[in-house]
Amino acid sequence: MTASNEDVPLFLGKLEDKTGIDADDECYNVTPPEIKEKYGFEIFKFDKSYKSFLMYNDKIYTLGESFGGMGAVSFAVADINGDNAAELYYTYSWGSGQHRSHIGYFDSATEKITDINYTNWNTDLVFGINEYDGGLAFY
């Protein structure tokens, strides 16, 4: 992730629920440029709480949990459900006492967040390219 300050004031102005975000918790735009340009997704992350958010069509969506973990750590865009609209897939970690990592996605057609029913215990998940067929994989 490459952090920038691009659109951070705009995002912070739209963010209504700032629970768990302290005054010294700096916010950064961590969106890869090609994702913003092609799909209009903007991803923001705080540097102390690790809370992670998506801004899309002027609305804010929370990307997973972060308490006791790293929040959103990996992103990929695909149309896995085949509806000709992009989904933003992300991995995130959290857990106080027992570290866990999950996968979620934002469906741009329905503008809904969905968590995939899978938990990876004690290590983080990240996205990569499947070496066998070039498809999206997580490790």
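The paragraphs below set out a description of the structure included in this document.

So, how was this worked out
Residues numbered from 1 in each chain as written. Predicted model: local features only at pLDDT ≥ 70, side-chain atom pairs only at ≥ 80, totals over all residues. Heavy atoms only, no water. Helix = DSSP H or I, 4+ residues; strand = E, 2+ residues; numbered from the N terminus. Rg over C-alpha atoms; globule rule 2.2 N^0.38 Å. Contact = heavy atoms within 4.5 Å. Pairing = 2+ DSSP bridges. Axes fitted to C-alpha atoms, helices over the stretch in contact; angles between N-to-C directions. Patch = residues over 30% accessible without salt bridge, like charges linked within 9 Å, V, L, I, M, F, W, Y side chains within 5 Å. Areas by Shrake-Rupley, 256 points an atom, 1.4 Å probe, with all protein chains shown as cover. Salt bridge = Lys/Arg side-chain N within 4 Å of Asp/Glu carboxyl O. Buried < 20%, exposed > 50% of the residue type's maximum accessible area, 1.4 Å probe, protein only.

1. Section: the overall build of the chain
Summing up its helical and strand segments, the chain has two helices and 11 strands in all. Counting from the amino terminus, the chain carries its helices and strands in the arrangement α-β-α-β-β-β-β-β-β-β-β-β-β. In terms of C-alpha radius of gyration, the chain reaches 15 Å, essentially the compact-globule figure of 14 Å for 139 residues. Dimensions along the principal axes, computed over C-alpha positions, put the chain at roughly 45 × 35 × 25 Å. If you take every contact in the chain between residues at least 6 apart in sequence, the share linking residues at least 24 apart comes to 39%.

2. A look at the sheet that holds strand β3 (residues 52-56)
Here we have four strands laid out as an open sheet, ordered β1-β2-β3-β4, and antiparallel in their pairing. Unpaired on one side and paired on the other, β1 (27-29) and β4 (59-62) mark the two borders of the sheet. Between one strand axis and the next, the sheet turns through 30 degrees on average, direction left out of account.

3. Examining a nonpolar patch on the surface
A grouping of I116, Y118 and F138 is seen on the molecular surface, where their side chains present a nonpolar patch of about 250 Å² in accessible area. Considering the arrangement of structural elements, one finds I116 in the loop between β8 (112-115) and β9 (120-121). On the basis of relative accessible area, I116 is assigned to the partly exposed category, the value being 36%.

4. Digging into the pairing of strand β7 (residues 100-107)
Counting buried residues in β7 gives eight out of eight residues, a clear majority hidden from the surface. Along β7, one buried face is formed by R100, H102, G104 and F106 and the opposite face, lined by S101, I103, Y105 and D107, is buried too. Relative to β7, strand β6 (residues 87-94) runs antiparallel, the two being bridged by eight bridges. When the bridges of β7 are listed, Y89 appears paired with Y105. Bridging between β7 and β9 involves two bridges; their strand directions are antiparallel.

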